[in-house]
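Here is how the chains run, residue by residue.
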Amino acid sequence: DDIKPPNVSPKKKKVVCTTCCHRDDQAMVRTTVKHFSDSIAETVDNSTTHVVVGNPRRTINVLKGIIHGAHILSLRWVTDSISSGSWEEESNYELIAEFPVLKIDGDARRKAATSLFTDTGLMFVEKETSPPHADIVMLIETCGGKVTKSRNRSRYCIGSTVYDKENVSLSEQWVLDSISQLKVQDANKYLLFPYRSPSPEF
């Protein structure tokens, strides 16, 4: 009988995206990823495995990396890998000091994120927000939240600029901070305007 080779799973390809990197650093990362026969992504999605961060700021790509369970790594991961001739172990380069949620492993982060806003109720997102409206909506929906186009149907209005006594208006930071910690934050700390619950009718 023919001897069959051992059944070895092929090594999973890395899909690498950069954020907050200078143009020269982006080019270096692209060249290195190509040299190691892996893939570059222009933006983070659920196929992204690694996010390389030049200046450790909380960008949309970092937040997406957190919820999709990607490694969030310093640029030094790439430069050290160039020196050694192969990809370095990621754990030495995770930006845990800047983003403590990275102490949670990628699969657990991904699982936690899918239901983060499930019980939050309907949310209305203003058209003019920072980050942009589309990014806020995408983050909420990726984390299990529901966004409505009707302000009056919503439990929370995100990014409101005009006082509306009928609605709870929250800063966009409430969404970003909740994702950064994978824990829904106390809405009272993010109120844009005072809100008083309707008095019960007797």
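The structure we're discussing is the one just above.
Bear in mind that the values here come from a model prediction, so they are computed numbers and not experimental data.

(A) The arrangement of the pairing of strand 4 (residues 71-74) in detail. Where strand 3 (residues 50-53) meets strand 4, four bridges bridge the pair, whose relative direction is parallel. In the sheet register, Val52 faces strand 4, and the bridge partner there is Leu73. Taken together, strand 3, helix 2 (residues 60-67) and strand 4 form a β-α-β motif whose crossover is right-handed.

(B) Inspection of the sheet that holds strand 6 (residues 146-147) at higher detail. Taken in spatial order, the four strands line up as 6-5-7-8 in an open sheet, and their pairing is parallel. Edge strands, defined here as strands with exactly one partner in the open sheet, are strand 6 and strand 8 (168-170). Inspection of the sheet shows strand 5 (residues 122-125) paired to strand 6 by two bridges, in the parallel sense. By the bridge assignment for strand 6, Met123 is matched with Val147. Where helix 5 (residues 133-142) meets the sheet, it contacts strand 5, strand 6 and strand 7 (156-158), and its direction lies at approximately 165 degrees from that of strand 5. Across the sheet, helix 6 (residues 172-181) is in contact with strand 5, strand 7 and strand 8; its angle to strand 7 comes to roughly 95 degrees.

(C) Layout of helix 5. Within the span of helix 5, buried status applies to Ile136, Val137, Leu139 and Ile140. End-on view of helix 5: buried residues confined to an arc of 165 degrees, all on one side of the axis. Buried-residue contacts for helix 5 involve helix 2, strand 5, strand 6, strand 7 and helix 6.

(D) Representation of the pairing of strand 3. Residues of strand 3 alternate between two faces, with His50 and Val52 on one and Val51 and Val53 on the opposite face, all of them buried. For strand 1 (residues 15-19) and strand 3, the ladder comprises four bridges, and the chain directions are parallel. Bridged to Val16 within strand 3 is His50.

(E) Structural detail: the packing of helix 1 (residues 23-35) against helix 3 (residues 76-84). Direction vectors running N to C along helix 1 and helix 3 enclose 45 degrees, while the axes themselves pass 10 Å from each other. In terms of their interaxial angle, helix 1 and helix 3 are classed as oblique. For the element pair helix 1 and helix 3, the recorded crossing hand is left-handed. Between helix 1, through Met28, Val29 and Thr32, and helix 3, the contact on the second element is made entirely by Val78, Thr79 and Ile82.

(F) Looking closely at the packing of aromatic side chains. Per the counting criterion, the structure on display carries four aromatic pairs. Between the aromatic rings of Phe36 and Trp87, the centroid separation amounts to 4.8 Å while the plane-to-plane angle is 65 degrees, which identifies the pairing as edge-to-face. Taken together, the residues span a long stretch of sequence, with Phe36 in the loop between helix 1 and strand 2 (39-40) and Trp87 in the loop between helix 3 and helix 4 (106-114) at a distance of 51 residues. You'll find Phe36 and Trp87 in the same group, each marked buried. The structure contains a cluster of three or more aromatic residues connected by ring pairs, namely Phe36, Trp77 and Trp87.

(G) Just the sheet that holds strand 4, in detail. If you trace the four strands from one edge of the open sheet to the other, you get 2-1-3-4, paired in parallel fashion. Looking at the sheet topology across the chains shown, the edges are occupied by strand 2 and strand 4. This element, helix 3, spans strand 3 and strand 4 of the sheet and lies at about 75 degrees to strand 4.

Cut-off values and rules
Residues numbered from 1 in each chain as written. Predicted model: local features only at pLDDT ≥ 70, side-chain atom pairs only at ≥ 80, totals over all residues. Heavy atoms only, no water. Pairing = 2+ DSSP bridges. Helix = DSSP H or I, 4+ residues; strand = E, 2+ residues; numbered from the N terminus. Right-handed = clockwise from strand over helix to strand, strands pointing away. Contact = heavy atoms within 4.5 Å. Axes fitted to C-alpha atoms, helices over the stretch in contact; angles between N-to-C directions. Buried < 20%, exposed > 50% of the residue type's maximum accessible area, 1.4 Å probe, protein only. Arc of directions from axis to C-beta. Parallel < 35°, antiparallel > 145°, perpendicular 65-115°, else oblique. Left-handed = near helix turned anticlockwise from the far one by under 90°. Phe/Tyr/Trp six-rings, centres within 6.5 Å; stacked < 30°, edge-to-face > 60°.

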